[in-house]
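This is what each chain is made of:
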Amino acid sequence: MASQLLKTDFEWPVPRAGFAWVDLPVPAAAKQSRSTGQAVNLESLREPYLVPIVPPGALAGDQNYRPLDRTGLFRILADTPATQEGILEFAKEFGRLGGSVTASNSPPPSANPHFWWHSESLSSWRSEIEQMKEAVGLWDLCRAGDRKALSDLIHWEPHFLCYVPPKSQFRTTVQNLVIASEDSLGDPIGDYDRGDVVIPAWKALLWIVNCKLNQHPAPRQLLWDRRTLRPISQLVPSSLISAMWIQLAQAITENKNYDQCHQCGLWFEVAAEKRKDAKFCSNACRFKAYRERQKLAKRLHAEGMVLVQIASKLGSDVETVKGWVK
Ligand SMILES: [Zn+2]
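Residues numbered from 1 in each chain as written. Predicted model: local features only at pLDDT ≥ 70, side-chain atom pairs only at ≥ 80, totals over all residues. Heavy atoms only, no water.

> Looking at this structure, how should I read the nonpolar core?
Soluble globular proteins tend to bury their nonpolar side chains together. Counting 64 residues, the largest nonpolar core has F90, L138, Y163, M244 and L248 as its most contacted members. In terms of residue count, the dominant contributor to this core is helix α8 (residues 240-254) (ten residues). Discounting chain neighbours no more than four positions away, the residues touching L248 are F74, M132, A135, V136, W139 and V209. By size, the runner-up hydrophobic cluster in this structure holds nine residues, among which are L307, A311, W324 and V325. (Core = buried A, V, L, I, M, F, W, Y, C linked by side-chain atoms within 4.5 Å. Buried < 20%, exposed > 50% of the residue type's maximum accessible area, 1.4 Å probe, protein only. Helix = DSSP H or I, 4+ residues; strand = E, 2+ residues; numbered from the N terminus. Contact = heavy atoms within 4.5 Å.)

> Could you clarify how one ought to interpret helix α3 (residues 84-94) in this entry?
At 3.6 residues per turn, the α-helix brings residues three or four places apart onto the same side. Three or more residues of α3 are buried, namely G86, I87, F90, A91 and F94. Projected down its long axis, α3 shows its buried positions confined to an angular sector of 125 degrees, all on one face. Looking one or two places after α3, you find G95, whose phi comes out positive at around 90 degrees. (Arc of directions from axis to C-beta.)

> Would you mind showing me how to read unusual backbone geometry here?
Residues apart from glycine generally show negative phi values, whereas peptide bonds are mostly found in trans. Positive phi values are uncommon outside glycine, yet L229 reaches one of about 55 degrees. With respect to the helices and strands, the residue L229 is situated in the loop between β10 (220-225) and β11 (230-235). Its relative accessible area of 57% is what places L229 among the exposed residues. Located in the positive-phi region is N255, a residue other than glycine, with phi close to 50 degrees. The class of N255 is partly exposed, set by a relative accessible area of 48%.

> Got a minute to help me understand the coordination of the zinc ion in this structure?
Six octahedral donors around a metal ideally subtend angles of 90 or 180 degrees, whereas four tetrahedral donors ideally subtend 109.5 degrees. Looking at the metal site, the zinc ion is ligated by C261 (SG), C264 (SG), C281 (SG) and C285 (SG), spaced 2.3 to 2.4 Å from it. Here the donor residues of the zinc ion are spaced in sequence according to C-x2-C-x16-C-x3-C. Placement of C261 in the loop between β12 (257-260) and β13 (267-270) and of C285 in helix α9 (residues 283-302) is noted, with a sequence separation of 24 residues between them. A single burial state applies to C261 and to C285, both of which are buried. (Donors = N, O, S within 2.8 Å, 3.2 Å for Na, K, Ca; no water.)

> How should the sheet that holds strand β5 (residues 120-121) be read in this particular structure?
Note on sheets: strands pair through backbone hydrogen bonds, and any given pair is parallel or antiparallel. Overall, antiparallel pairing links the three strands, which are arranged β2-β3-β5 in an open sheet. Each of the sheet's edge strands pairs with one partner strand only, and the pair in question is β2 (19-25) and β5. The sheet contact formed by strand β3 (residues 46-52) and β5 spans two bridges and is antiparallel. Each residue of the ladder has a partner; that of L50, found in β5, is E120. Strands in contact with α3 are β2 and β3; relative to β2, the strand with the most contacts, it is inclined by about 125 degrees. (Pairing = 2+ DSSP bridges. Axes fitted to C-alpha atoms, helices over the stretch in contact; angles between N-to-C directions.)

> Just to check I follow, could you spell out the side chain of H216 for this structure?
Along the polypeptide, H216 turns up in the loop between α7 (198-215) and β10. Side chain to side chain, H216 and E128 meet in a polar contact 3.1 Å long. Beyond its immediate sequence surroundings of up to four residues, H216 is in contact with S100, V101, E128, S238, I241, S242 and W245. (Polar contact = N/O pair within 3.5 Å; in protein donor to acceptor, adjacent residues only side chain to side chain.)

> I keep staring at the packing of aromatic side chains and nothing clicks. Help me out?
The way to describe two aromatic rings as a pair is by their centre distance and the angle between their planes. The tally for this structure, following the rule as stated, stands at nine aromatic pairs. Ring plane angle 50 degrees and centroid distance 6.5 Å describe the contact between F74 and W139, whose orientation is recorded as tilted. Placement of F74 in helix α2 (residues 73-78) and of W139 in helix α5 (residues 122-144) is noted, with a sequence separation of 65 residues between them. Judged by its relative accessible area of 0%, F74 is buried. On the accessibility criterion, W139 (0% relative accessible area) is buried. Here the aromatic rings of Y290 and W324 are separated by 5.8 Å at their centres, their planes lie at 80 degrees, and the arrangement is edge-to-face. One end of the pair, Y290, is in helix α9; the other, W324, is in helix α11 (residues 318-325), with 34 residues separating them in the sequence. On the accessibility criterion, Y290 (37% relative accessible area) is partly exposed. Aromatic rings pair up to connect Y65, F90, F94 and W125 into one cluster. (Phe/Tyr/Trp six-rings, centres within 6.5 Å; stacked < 30°, edge-to-face > 60°.)

Note that every value here comes from positions in space, so none of it alone points to a role or purpose.
Structure below.
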């Protein structure tokens, strides 16, 4: 059972007052010029940081929720536009990413300390979105066995075989991953059928996911199971971003399917046996959609449309529509 493996009631905070983008100095560790190793002008390096809004005089007002109840959360992140507005929308709903994405700066004396405790830079959000997009895209191609698209990513060279990620303006997981070679780099090249791109792509995907799971770990811990009154061993996400990567890892091993909710547009897991009739991510969305159809039927009826037409427009039957417009 999946729930035995992963702590699905893992909770994460969302600040009640939301988030804002604030220009902050880049942390000291990042202020050394990469190429020369020399310190650069501190004030010149500023970047937008996502910070929780703390209303004056208020204690940090967080509301906890269970991220893993959103069965397709990793796909929602992969679909998030890597813009300040897109990231703000995601964070307002699901909170910060946490883990190593959260900056650990020491605040200047005048600053509200919350800005530093939980601030996350725009560039790290962009990388995380891009890397999730890369992994989900690669998984979709692997599952579809899309040789044409995969041959853009998997390169067979005379002496080695490598994965080259799609071009991106943001940081991808890896620049160039050698999957197999004639020497000690990667697997022995003889393990692969020359020209095959599908199995090498799966290997690249596993490498990416493992790399991200190392970066954002979900350590196995012993927990008390209140149902059975016994200790159990589960993977416990250390942050929201780790919860999303472990969710993807589980989706890959269990070959899960996803669809977008017809009401809110967010991704959710569709169980194989419910493939056809699962349109909504939750009962709340199903009910909202139902109410909206009812309202639309009433409006069309008031505008003079006949019941048969309304029924066909809404994909319903005349009897049902008659009940709605009464
Ligand atoms: Zn929905």
